[in-house]
Amino acid sequence: MTGKAINDAFMRTLFKPEIKTFNNERILSSSSSAAAFCAASVGAPAAKVFIMKPPGHESEKHKLGLIVCIGIVAGNMIEGIALLPANLASIGSISLIGWIIVVIGAMSLAYVYARLSTVNPQSGGPVAYAGEISPAFGYQTGVLYYHANWIGNLAIAITAVSYLSVFFPILNHPIPAGIACVAVVWFFTILNFFGGSMIGKVTTFGVIALLIPVVGTATFGWFWFDPQLYMDNWNVSGTTDLDATCRSVLLCLWAFIGIESASVSSGLVDNPRRTVPLATMLGALLAGLVYIGSSQAIAGMFPASVTAASGAPFALSASLMVGDWAAPVVSAITALACLTSLGSWMMLVTQAGARAAQEGYIPKIYGELDKNGLPRKGLILSATQMTVLMAVITAMNASGGSASDLFGMITGIAVLLTMLPYFYSCVNLLRIEGATTRNVISCIASVLGSGFCFIALAGAGFNQLIATFIVSLVIMMFFSWKKGKLQATVKATAAEASDKSEAGKAAVLVGDN
């Protein structure tokens, strides 16, 4: 068998589309589990599962128009900002520049994925797009996505604990916050053993309620805005403006992680080739305006030191705008939204890990199911991974800092793990459309998206960047090992078939004689 044939065989083992059911609806997935990987975490607003209605479900008159699609895309993303103002306050209001860079980059990536979904639809999403460039990149992307998503779930737990610090101030310190996060993770792990159907129902309410203080601050917070205070907060990071801006990009990007899954299913949309790309870009822009409006309003409402020390920045802004009674209400709502989301997404990411394990991305133990079809071992292993990472990060911040510092480190890791998948998708669009004047918009979006990934990497800390680089290389080592095993199996099978063929020919000759 030729090298190309072995490559093709390996690709087929990684990317096999299939139809699964979820809540009596059809979900288009792939053996790479990318659809589920792209559907991860509310704290990383990633994530809505691609739902496909049965054929004939939607009539032409009930298809979604542009305005509705923009609202869906924006709503899918305006969930990851709950703790960001506190992290950005440690840098300063110069984060405005970071937000502008991120919005441009996010809109470019939105166009890339929306365009890919129309000219080259793939059920595996970013994993499949990377796999089209090289099977090695597809494998690497699948593994990176799995790890980015369970790490993102840990950020949800930190956000919930941080907002609970309004009621229990000790939770704004790293060690108590870390212990509380671990307790929350294991509580929902155990809860998922018994099924958590109610969690999903409460999650929707919590997420909608969470939008009230965010949008309220973006809209009305400007009545309490002090321009002089805003300028005093401009760069409090102690570094150069360039370094502060790059650092803010990495944090701001967290709010847009998952933009690759924000596109509305084209089967439900009127004139999808025009509507889907436009809605995805405008939805990203709308979400970006809300992000910028709310975070910059807070930057002019309080001294940077006050916001940075707060474990609940939107509770802080609500108390100033409405009254002290609003702080505990907003904190309770935000904590509830994050906790219920954590329960739901822990199970979703674990199920994605189980499929990934069954297809060879990660160890097989993650894919073992109990008699009820529950990946119980995967849940335990996922919770254990979160516990170990939380312990390491807590130890690193034990001498000082706050819960928001833990959040900043976690989100930085999760964001960095998604940069290579985003870059591969931009490269794949260039491969498909070509760098020609005919496809100038696709070319510009791909270049801007790639440049955006480079800026995000530039804003990472040295240790974060080195760790991401090492992990990416180790994944490639495992890919080579798996491919070597496949090649050995193919050669052994071919040799066995050849031996049988020769034996058969010999038997025929003996019979003839």
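Since we're looking at a predicted model, the values are computed, not measured.

Undergrad: Looking at this model, I keep getting lost on the overall build of the protein. Mind explaining?
TA: Looking only at helices and strands, the protein has 19 helices and 2 strands in total. For the protein, with 513 residues in total, the buried portion stands at 53%. Taking contacts inside the protein between residues at least 6 apart in sequence as the whole, the part at least 24 apart equals 80%. As displayed, the protein offers around 21,500 Å² of accessible surface, 69% of which is attributable to carbon and sulfur atoms.

Undergrad: Sorry if this is basic, but what is going on with the pattern of salt bridges here?
TA: Side chains carrying opposite charge are able to pair once their charged atoms draw close together. Counted according to the given criterion, the structure contains 4 salt bridges. When the shortest N-O distance is used, the salt bridge between Arg431 and Glu132 registers 3.3 Å. Of this pair, Arg431 sits in helix H17 (residues 403-433) while Glu132 sits in helix H6 (residues 126-133), and the two are 299 residues apart along the sequence. On the basis of relative accessible area, Glu132 is assigned to the partly exposed category, the value being 27%. Salt-bridge contacts for Glu368 lead to Lys377; the nearest nitrogen and oxygen are separated by 2.6 Å. Taking the relative accessible area as the measure of exposure, Lys377 reaches 42% and is therefore partly exposed.

Undergrad: Got a minute to help me understand helix H15 (residues 326-358) in this structure?
TA: For H15, built from 33 residues, the straight-helix expectation of 48 Å at 1.5 Å per residue is met to within 8% by its first-to-last C-alpha distance of 48 Å. Phi turns positive, to about 95 degrees, at Gly360, one or two residues after H15.

Undergrad: I keep staring at the packing of H6 against H17 and nothing clicks. Help me out?
TA: Angle between the axes and distance between the axes: these two values describe a pair of packed helices. Axis separation between H6 and H17 bottoms out at 9 Å; the angle between their running directions is 55 degrees. It follows from the interaxial angle that H6 and H17 lie oblique. For the pair H6 and H17, the sense of crossing is left-handed. Residue-level contacts link Pro126, Tyr129, Ala130, Glu132 and Ile133 of H6 to Tyr424, Ser425, Val427, Asn428, Arg431 and Ile432 of H17. Residue classes in the contact of H6 with H17 are distributed as 7 nonpolar, 2 polar and 2 charged.

Undergrad: Help me understand a nonpolar patch on the surface, please; the structure alone is not making it clear to me.
TA: A cluster of nonpolar side chains, namely Phe462, Ile466, Phe469, Ile470, Leu473, Val474, Met477, Phe478 and Trp481, defines an oily patch on the protein surface of about 970 Å² accessible area. Mapped onto the elements, Phe478 comes out in helix H19 (residues 462-512). Look at Phe478 and you get partly exposed, because its relative accessible area is 47%.

Undergrad: Whenever I open this one, the packing of aromatic side chains confuses me. Can you help?
TA: What characterises a pair of aromatic rings is the spacing of the ring centres plus the angle enclosed by the ring planes. Scanning the entire structure with this criterion turns up 15 aromatic pairs. With centroids separated by 5.4 Å and ring planes inclined at 25 degrees, the aromatic side chains of Trp99 and Tyr291 adopt a geometry described as stacked. Within this pair, whereas Trp99 is found in helix H5 (residues 95-119), its partner Tyr291 is found in helix H12 (residues 272-299), the two being separated by 192 residues in sequence. Accessibility classification places Trp99 together with Tyr291 in one group, the buried group. Of the aromatic side chains, those joined through ring pairs into one cluster are Phe137, Phe423, Tyr424 and Phe454. The cationic tip of Arg376 hangs over the ring face of Phe193; the distance from NZ or CZ to the ring centre is 4.6 Å.

Undergrad: What should I look at first to understand the side chain of Ser317 in this one?
TA: For Ser317, the position within the fold is in helix H14 (residues 313-321). Owing to a relative accessible area of 0%, Ser317 belongs among the buried residues under this scheme. In contact with Ser317, not counting residues within four places along its chain, are Thr217, Ile298, Met301 and Phe302.

Undergrad: Help me understand the confidence of the model for the protein, please; the structure alone is not making it clear to me.
TA: Low pLDDT marks regions whose predicted coordinates should not be analysed in detail. Looking at the protein, the pLDDT average stands at 79 and 79% of residues meet or exceed 70. Between the elements of the protein, mean pLDDT differs from a low of 35, seen in strand S2 (residues 25-30), to a high of 96, seen in helix H10 (residues 227-232). Ignoring residues within four places in sequence, the model shows residues 1-59, a span with pLDDT below 50, making 153 contacts including any to other chains.

Undergrad: Can you walk me through the side chain of Thr350 in this structure?
TA: Within the secondary structure, Thr350 is located in helix H15. Look at Thr350 and you get buried, because its relative accessible area is 4%.

Undergrad: Teacher, can you tell me more about the nonpolar core here?
TA: Across soluble globular proteins, nonpolar side chains have a tendency to be buried as a group. Ranked by size, the top nonpolar core spans 108 residues in total, and within it Trp99, Phe256 and Tyr422 carry the most contacts. Looking at which element gives the most residues to this core, the answer is helix H7 (residues 135-164), with 17 residues. In contact with Tyr422, other than residues within four places in its own chain, are Leu109, Tyr113, Tyr145, Phe256, Ile257, Gly258, Ile259, Glu260 and Cys453. Residues Ala114, Val269, Val276 and Ala279 belong to the second largest nonpolar core, which totals 6 residues.

Undergrad: Please clarify how helix H16 (residues 376-396) should be interpreted in this entry.
TA: Since the α-helix turns once every 3.6 residues, residues separated by three or four places project in the same direction. Look at H16: 31 Å from first C-alpha to last across 21 residues, which is about the 30 Å you get at 1.5 Å a residue. Along H16, the residues that are buried comprise Gly378, Leu379, Ser382, Ala383, Gln385, Met386, Leu389, Met390, Ile393 and Thr394. Axial view of H16: buried residues confined to an arc of 160 degrees, hence all on one face. Structural note: H16 exposes Val388 and Ala395 on the side pointing more than 90 degrees away from its buried face.

Undergrad: Quick question: what am I supposed to make of the environment of Ile380 here?
TA: Assignment of secondary structure puts Ile380 in helix H16. Along the chain, Ile380 and Thr189 lie 191 residues apart, while their C-alpha atoms are 7.0 Å from each other. When residues no more than four places from it in sequence are discounted, the contact partners of Ile380 are Trp186, Thr189 and Phe193.

Definitions and cut-offs
Residue positions are given per chain, counted from 1 along the sequence in the order it is written. Where local features are concerned, this predicted model is filtered to residues with pLDDT of at least 70; where side-chain atom pairs are given and counted, the filter is 80 or more; whole-chain, interface and lining totals use all residues. Just so you know, side-chain values use all the structure's heavy atoms and leave hydrogens and water out. Numbering of helices and strands runs from the N terminus, with a helix taken as a DSSP run of H or I at least four residues long and a strand as a DSSP run of E at least two residues long. The cut-offs for exposure are 20% and 50% of the maximum accessible area for each residue type, with area from a 1.4 Å probe on protein chains only; residues under the lower value are buried, those over the upper are exposed, and the others partly exposed. In this analysis, two residues are considered to be in contact whenever any of their non-hydrogen atoms come within 4.5 Å of each other. Calculation of accessible area relied on Shrake-Rupley with a 1.4 Å probe; when residues are assessed, cover is drawn exclusively from the protein chains displayed. Each salt bridge in this description consists of a side-chain nitrogen of Lys or Arg and a carboxyl oxygen of Asp or Glu lying within 4 Å of one another. The span you would expect from a helix comes to 1.5 Å times its residue count less one. Here an axis means a line fitted to C-alpha atoms, over the contact stretch when the element is a helix, while the angle between two N-to-C directions is reported on a 0 to 180 degree scale. Oblique is the label for any angle not covered by the other classes, which are roughly parallel (under 35 degrees), roughly antiparallel (over 145) and roughly perpendicular (65 to 115). Crossing handedness is read from the near helix: turned anticlockwise from the far helix by less than a right angle, it gives a left-handed crossing, and turned clockwise, a right-handed one. Residue classes follow a fixed rule: Ala, Val, Leu, Ile, Met, Phe, Trp, Tyr, Cys and Pro count as nonpolar, while Asp, Glu, Lys and Arg count as charged, and any other residue, Gly among them, counts as polar. The patches described consist of residues with a relative accessible area above 30% and no salt bridge, like charges being joined within 9 Å and nonpolar side chains (Val, Leu, Ile, Met, Phe, Trp, Tyr) within 5 Å. Centre distance within 6.5 Å is the pairing criterion for rings of Phe, Tyr and Trp, where only the six-membered ring of Trp is used; planes under 30 degrees apart are then read as stacked, over 60 as edge-to-face, and the remainder as tilted. Both a distance and an angle decide whether a charge sits over a ring: NZ of Lys or CZ of Arg must be within 6 Å of the ring centre and within 35 degrees of the ring normal. For every residue, the predictor states its confidence as a pLDDT score lying anywhere from 0 to 100. Put simply, a nonpolar core is a bunch of buried Ala, Val, Leu, Ile, Met, Phe, Trp, Tyr and Cys residues held in one set by side-chain atoms that sit within 4.5 Å of each other. Think of it as the arc spanned by the lines of direction from the helix axis to the C-beta atoms.

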